[in-house]
Every structure is written in structure tokens, then in C-alpha cells.
Amino acid sequence: MDMEIDAVQPAQQVEIDQERQGKAKTYERVRRRLSYISMGIGAIGVCLLLFTGLAGWIGDRLHALGWQPVHGWFPLQVMCFFLIVMLVYEIVTAPIGYYGFTLSRRYGMSVMTLKSWLRDLFVGLALELVLGITVLELIYWLLAAQPDTWWLWVGLVLLFFSVIMANLAPVLLFPLFYKFRPMPEGDLTRRLLALANRANTRVRGVYTFDMSRKTTAANAALMGLGNTRRIVLGDTMLDRYTNEEIEVVLAHELGHHVHHDIWKLILSQSLITLGGLYLANLVFHWTVETQHLYAGLADAATIPLLLALTALFGFIVMPLNNGISRYVEYQADHYALQSTGMVEPFKRAMTRMANQNLSDIQPSPLIEFLFYDHPPIGKRLKHADGYMERT
Ligand SMILES: [Zn+2]
């Protein structure tokens, strides 16, 4: 593809770009506002459904779909109810999504055309609906069949499901959005091999992907589980970072592998989800058995209640999830510094990333606590300085 590529900046010229920092603060603020608006619309929608009798009215309209493979489980009603709610939400919030797209183009982050953006939007939505319906049918089947222990079974099945998805995602899901290519043998693969040897571990594959078709930002990640485990590196990094800088980034990803972080995140998420399901169980029994608000636990009209509880719980545990993620990321940075000893290249890679990705290096503590799943780059730079002083 024909693309304009900046030459790699000489190492001594890499500094935090203050003008870009100003832009980053505005960009992040506007994007946060957009997500608040979407959340607000979701909250209003759920309140309308719960408190105006709208949920019951939709439930009545779907009464004809009475197929009942298990006593009390009406899979067609559940699916249609969910589709109606989700599609209305998607349509109402579509202008906000579109505004977000034009914003990221204006700030020079997205390089997607409207057509390719729409394509990704629809593929993502289709995936979301298929996965959402699968999980919801599982929940309502178990609500009908095992009204007291459904939450435990759902938690266990979801744990199993996340392990399978983590394994399949790099070969099944991500290729829907990006093309992956094994990184050609060369200096970088040799550096990574040496790092992995020192850590007594094996890296199953290093791939680059065509991030530059969609964005100017750079990223790298560890993904997959078992036989699909791999390190992936955006081509937007390959072009603009020195090999030493990329080596520290690879060492960070290797750190995630050495620390078994994907397993840690799956297990901590599953425990948190199980807690949420148990609370949902209490609320469901209370609304049905004490308040008599619904015909039964598995009544499709309870879907808005389940969605409301899920959203509320997700919002409350978001800082916890982000805190766990920031901790894990801090440890991976530490591993990168320790295993390579390359403090300056680490700082240069971080600095380049802050400039390139328009990330605010010093958000307010509250914003960091609520929304940041990585430590802000200011802290990652300080971590490297502290590491240098101690060694
Ligand atoms: Zn990481």
C-alpha cells in the first residue's frame, strides 16, 4: 500500500511533544464525554423499560413466540426481546459513534474511510449480537431449569467460554479486522529469541499486523492461549522505532507471558463476574418472589433488569478491573527493564508512543483510577527513572 512513512527520529531527539499533549488532553476529554452520553442514553432507556411498563408491553407482544423446549424457557422470546433492545440502542447512539469516528479523523488518529469504518462497525455488532444471544439463552435456560444455582453454572460456563475464546481469538476473531504476518527473520526476531532463551521460555510466534490501514497509533500485545499464543506488533511501530526500542516493547509482552497474565486476567474477571451473577440472583428472586413484578425468573420481560444490573455492576467494578490491569502492566514494564537493562530505549519507546498515540501522560488521579487500564505514560517514565536509580 502506498503510504507516507516518517523516518525514524534520531534517539536523542525523542521528547514529549508539549503541543501534542495539549491536543491529547482535549481529545481524551471529548471522547470521555461521548461515552458518558452513550451511558446516559442506555440508563434512560433501561429506566423507560423498567418503570413505564414498556418491558411488560414488549413481553406481551412476543407472547405468540411460545416455543418452549424446556419448561419455562422461551428462547425465541428471549432472543427477540434482546434484539429489539440492542438494535434500538444501536440506532439511537449511532450519531455519537459517527461523531467519534469523525473526531478521530480530525485529530489525525483514524485513517479509515467511512466505508471501512462502517464495515468494522457491522462486523463488530454482528459478533456482539451472536455472543450476547448465546450467553443470554444460556442464562435464561438455567434460570428456568436451575432457579437457585443458575448463577454458579453460568459463572463456570463463562469461565470455560473465556478460555476457549482467548485461545480462538487470534485465529478466529482478530483476522476479521486485521491481517497478521509472521515477522520476517532478522535482527528483531533474534533479539526476541535471545530474551526468551534467557527467560527459559519459548515464544510460539511473532506477528506484525496492518494497523496502519486504520490508525496512526502504535501498539503491541500478547494474545492467545496454549497453541495460539503469540506476540503481535503493529506495523505503525515497526516503521518508526529503533530496534532497541522495539526489543524493550517485546520484552514487556514477554513479561506478560512469563507472569501468566492472560490466565490471571481470565481468572480475576471470572471471579468478579461470579460475584455479579450472585448479586443478580438475589435481585431476581426478590423482584419475582417478594415483589411479584414478573411472571417468573425466566420471563423475557426481566431482560431489561438483567441488562441494568450488568451495566451497573460493570460500572462499579470498572475501577477494580482497571486497577488489576494497571498492576499487571506495571509488572510487565518492570520485567522489560530488568530483562533488558535498557532504561533509555524503554523511555524513548514510551515517549514516542505518547506522542504518536495522543495519550495524556498525566491524567488527573480520578480519571486514572476510573478509566486507565495502563499506567499513564508519565508514571511509566518515572518507573524507569526509579529503576535506573536503584540499579
Ligand atoms: Zn502490557
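Now for a quick tour of the structure. All values derive from a computational prediction rather than experimental measurement.

**Some thoughts on the overall build of the protein**
Assigned secondary structure in the protein consists of 13 helices and four strands. In terms of C-alpha radius of gyration, the protein reaches 23 Å, essentially the compact-globule figure of 21 Å for 391 residues. Seen through its principal axes, the protein has C-alpha atoms that stretch 70 × 45 × 40 Å. Long-range contacts, defined as pairs at least 24 residues apart, comprise 75% of the intrachain contacts of the protein with a sequence gap of at least 6.

**Let's talk about the coordination of the zinc ion**
Looking at the metal site, the zinc ion is ligated by His252 (NE2), His256 (NE2) and Glu329 (OE), spaced 2.0 to 2.1 Å from it. When the donors of the zinc ion are listed by position in the chain, the intervening gaps give H-x3-H-x72-E. Here the residue His252 and the residue His256 both occupy positions in helix α8 (residues 243–258), the gap between them amounting to four residues, near one helical turn. Each member of the pair, His252 together with His256, is buried.

**A word on the pairing of strand β4 (residues 230–234)**
Within β4, five of the five residues are buried, leaving the element largely enclosed by the surrounding structure. Alternating residues of β4 divide into Arg230, Val232 and Gly234 and Ile231 and Leu233, and every residue in both groups is buried. With four bridges joining them, strand β2 (residues 206–209) and β4 adopt parallel strand pairing. Each bridged residue has a counterpart across the sheet, and for Val206 the counterpart in β4 is Ile231. Of the pairings in the sheet, the one linking strand β3 (residues 220–223) to β4 comprises four bridges and is antiparallel in character. Bridge pairing links Met223 to Arg230 in β4. Hairpin connection of β3 to β4: six residues between the antiparallel strands, including Gly224 at a positive phi of 85°.

**Here we look at the packing of aromatic side chains**
For any pair of aromatic rings, the description rests on two quantities: the centre-to-centre distance and the angle between the ring planes. The full count for this structure, using the stated rule, is ten aromatic pairs. On the basis of an interplanar angle of 65° and a centroid distance of 6.1 Å, the ring pair of Tyr98 and Trp117 is categorised as edge-to-face. Of the two residues, Tyr98 is situated in helix α3 (residues 75–106) and Trp117 in helix α4 (residues 114–145); the sequence distance between them amounts to 19 residues. Overall, the relative accessible area of 41% leaves Tyr98 in the partly exposed class. Members of the aromatic cluster, each reached through a chain of ring pairs, are Tyr98, Phe101 and Trp117. Over the ring of Tyr178 we find Lys214; its NZ or CZ atom is 4.9 Å from the centre of that ring. Here the guanidinium or amino end of Arg230 rests over the ring plane of Tyr207, the centre of that ring lying 4.6 Å away.

**Remarks on the nonpolar core**
Among the nonpolar cores identified, the biggest contains 35 residues, and Leu233, Met237, Tyr241, Ile246, Leu250 and Ile377 are the most heavily contacted of them. Contributions of two or more residues to this core are made by α6 (187–198), β3, β4, α8, α10 (303–340), α11 (343–357) and α13 (377–390). Ignoring any residue separated from it by four or fewer positions in sequence, one finds Ile246 in contact with Leu188, Leu233, Met237, Leu238 and Tyr241. Formed by 34 residues, the second largest nonpolar core is a distinct cluster that contains Met86, Trp151, Leu297 and Ala300.

**Details of the sheet that holds β2**
Here four strands make up an open sheet; going across it, the order is β1-β2-β4-β3 and the pairing mixed. Both outer strands of the open sheet, β1 (180–182) and β3, are each paired with one neighbouring strand and no more. With direction set aside, neighbouring strand axes in the sheet form an average angle of 30°.

**Section: empty space enclosed by the protein**
A water-sized probe, rolled over the atoms, reveals where empty space remains. Under the criterion given, the structure shown has one cavity of 30 Å³ or more. Around the largest cavity, the lining residues are Val203, Leu222, Arg229, Arg230, Ile231, Leu254 and His257.

**Side note on the packing of α11 against α13**
Contact geometry for α11 and α13: axes closest at 10 Å, N-to-C directions at 170°. By the criterion of interaxial angle, the relationship of α11 to α13 is roughly antiparallel. Listed contacts from α13 to Val343, Glu344, Phe346, Lys347, Met350, Thr351, Met353 and Ala354 of α11 are Ile377, Arg380, Leu381, Ala384, Asp385, Tyr387 and Met388. By residue class, the composition of the contact of α11 with α13 is ten nonpolar, one polar and four charged.

**Focus: unusual backbone geometry**
The phi dihedral of His260 falls on the positive side, at around 55°, and the residue is not glycine. Along the chain, His260 turns up in the loop between α8 and α9 (261–290).

**Section: the environment of Asn219**
With respect to the helices and strands, Asn219 occurs in the loop between β2 and β3. When its relative accessible area of 40% is taken as the criterion, Asn219 is described as partly exposed. As a C-alpha pair, Asn219 and Leu265 span 46 residues in sequence and 19 Å in three-dimensional space. The residues contacting Asn219, other than those within four sequence positions of it, are Met211, Leu233, Gly234, Thr236 and Met237.

Parameters at a glance
- Residues numbered from 1 in each chain as written.
- Predicted model: local features only at pLDDT ≥ 70, side-chain atom pairs only at ≥ 80, totals over all residues.
- Heavy atoms only, no water.
- Helix = DSSP H or I, 4+ residues; strand = E, 2+ residues; numbered from the N terminus.
- Rg over C-alpha atoms; globule rule 2.2 N^0.38 Å.
- Contact = heavy atoms within 4.5 Å.
- Donors = N, O, S within 2.8 Å, 3.2 Å for Na, K, Ca; no water.
- Buried < 20%, exposed > 50% of the residue type's maximum accessible area, 1.4 Å probe, protein only.
- Pairing = 2+ DSSP bridges.
- Phe/Tyr/Trp six-rings, centres within 6.5 Å; stacked < 30°, edge-to-face > 60°.
- Lys NZ or Arg CZ within 6 Å of the ring centre and 35° of its normal.
- Core = buried A, V, L, I, M, F, W, Y, C linked by side-chain atoms within 4.5 Å.
- Axes fitted to C-alpha atoms, helices over the stretch in contact; angles between N-to-C directions.
- 1 Å grid on protein atoms, 1.4 Å probe; cavity = no way out; pocket = protein on both sides within 12 Å on 5 of 7 lines; lining within 4 Å.
- Points joined across faces, edges and corners; volume = space filled by probe spheres on them.
- Parallel < 35°, antiparallel > 145°, perpendicular 65-115°, else oblique.
- Nonpolar A, V, L, I, M, F, W, Y, C, P; charged D, E, K, R; others polar.

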